[in-house]
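The primary structure of each chain is shown beneath.
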Amino acid sequence: MGFNCGIVGLPNVGKSTLFNALVETAAAEAANYPFCTIEPNIGRVAVPDRRLAVLAEIARSARIVPTSLEFVDIAGLVRGASKGEGLGNQFLAHIREVDAILHVLRCFENPDVVHVEGGIDPLRDAEIVETELMLADLESLERRLPGLEKRVRGGERESQATVALIAPVLAALREGRPARSVAGVSGTALKQLHLLTAKPLLYVCNVEEEARATGNPFSQVVARRAAEEGARAVVVSAAIEAEIAHLPAAERGAFLALLGLADSGLDRVIRAGYELLQLITFFTAGPKETRAWTIERGTRAPQAAGRIHGDFERGFIAAETISYVDYVAGGGEAGAREAGRLRVEGRDYVVEDGDVMLFRFNV
């Protein structure tokens, strides 16, 4: 089970520069012209989690294995993408395959980097991309609806439920509102419609180097829009993040401190993407390794066990569980057990973020 975030935006906003920094590679060509990224580039990146090193030290683990998140660099959209302009159909298909959208907005002035719309206006850029996605969703639903209504007239109950789900979404799209804005419709229900504007959205404001820590007037406008939409916004300077990515790991902390940053913008993007997808982390810890595992919030113990191996889920008996706080306070499993902080959880247990788990199973 993998989770991925698609990096989208207009051409020349810094998508590929951000992607390159994220995966610490030059696999995605960053060039000063539209459509330099034709096929989506894919990279998996470690999710930063300070708890891993703490657990590994306590467990005296030989190695640390972080969990990861997948990022997909998708070529820039332009006006008319929903009608095929600028290779739009191909790009929209790539967006349809991701779990969440990271919308990169250009929030910096630079006369040497052309802007396809002729000037810097992140809200206009956001609306261009959102409009194209809404138009694509509108066309998709209107194309499906007649066939569904025909099956409804034939008494098919499943189609009746689908039409009832589509109705408020279609109304919202016709009013110029994305599918995710429809009240009373769960994200789980929306997923079955495979809509672009139903996907969780994070705005990534790409600012100039001087605005790396506090943002600028452009990013502040985006932050206000995100708050109004119930979305989130993160400020990064893709140019600086590219510099950091090329430094040896041991030197990055000092460089960030020199810039007055507590952590990198990329770390914030990765964590925000993780939260955007409603993901949490549980751990396994022992002498061999300490490892982080990704699951969706609300996952029960047997399904969490299945992330490690299918046999663990099929033969699940119980899960010895210690919260991260109790594991650290007890100095490890033995101390937590002695303090009565180790719990034996069954099939109905909903895993919490930070749980340190040992699964009992029998196949």
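The sections below set out a description of the structure shown in this document. (Residues numbered from 1 in each chain as written. Predicted model: local features only at pLDDT ≥ 70, side-chain atom pairs only at ≥ 80, totals over all residues. Heavy atoms only, no water.)

1. Focus: the overall build of the chain
Per the secondary structure count, the chain includes 14 helices and 12 strands. For the chain, the C-alpha atoms occupy an extent of roughly 65 × 65 × 35 Å along the three principal directions. Burial statistics for the chain: of 363 residues in total, 48% are counted as buried. Intrachain contacts of the chain at a sequence separation of at least 6 include 69% that bridge at least 24 residues. Element-wise, carbon and sulfur atoms account for 51% of the exposed surface of the chain, whose accessible area totals about 17,300 Å². Within the chain, the 49 negative side-chain charges are centred at a point lying 6 Å from the centre of the 40 positive side-chain charges. (Helix = DSSP H or I, 4+ residues; strand = E, 2+ residues; numbered from the N terminus. Buried < 20%, exposed > 50% of the residue type's maximum accessible area, 1.4 Å probe, protein only. Contact = heavy atoms within 4.5 Å. Areas by Shrake-Rupley, 256 points an atom, 1.4 Å probe, with all protein chains shown as cover. Lys, Arg positive; Asp, Glu negative; His and termini not counted. Charge placed at Lys NZ, Arg CZ, Asp CG, Glu CD.)

2. Digging into the packing of helix 8 (residues 238-245) against helix 9 (residues 249-258)
Two elements in contact, helix 8 and helix 9, have axes separated by 10 Å at closest approach and are oriented at 145°. The segment helix 8 lies against helix 9, with Glu243, Ile244 and Ala245 engaging Arg252, Phe255 and Leu256. Grouping the constituent residues of the contact of helix 8 with helix 9 by class yields four nonpolar, no polar and two charged. (Axes fitted to C-alpha atoms, helices over the stretch in contact; angles between N-to-C directions. Nonpolar A, V, L, I, M, F, W, Y, C, P; charged D, E, K, R; others polar.)

3. Overview of the environment of Cys205
Locating Cys205 in the fold gives a position in strand 6 (residues 201-206). Note: C-alpha distance between Cys205 and Ala100 (105 residues apart in sequence) is 17 Å.

4. Some details on the side chain of Thr281
Relative to the helices and strands, Thr281 is located in strand 8 (residues 279-285). Side-chain polar atoms of Thr281 contact the side chain of Tyr274, separated by 2.6 Å. Beyond its immediate stretch of four places on either side in the chain, Thr281 contacts Asp49, Arg51, Thr67, Tyr274, Ala292, Trp293, Glu352, Asp353, Gly354 and Asp355. (Polar contact = N/O pair within 3.5 Å; in protein donor to acceptor, adjacent residues only side chain to side chain.)

5. So, helix 7 (residues 217-229)
A rise of 1.5 Å per residue sets the reference length of helix 7, with its 13 residues, at 18 Å; its end C-alpha atoms lie 19 Å apart and thus fit the reference within 8%. All of the buried residues in helix 7 are Ser219, Val222, Arg225 and Ala226. Buried residues of helix 7, viewed axially, fall in a sector of 115°; they line one side. For helix 7, the exposed residues set more than 90 degrees away from the buried face come down to Pro217, Arg224, Ala227 and Glu228. (Expected span 1.5 Å × (residues − 1). Arc of directions from axis to C-beta.)

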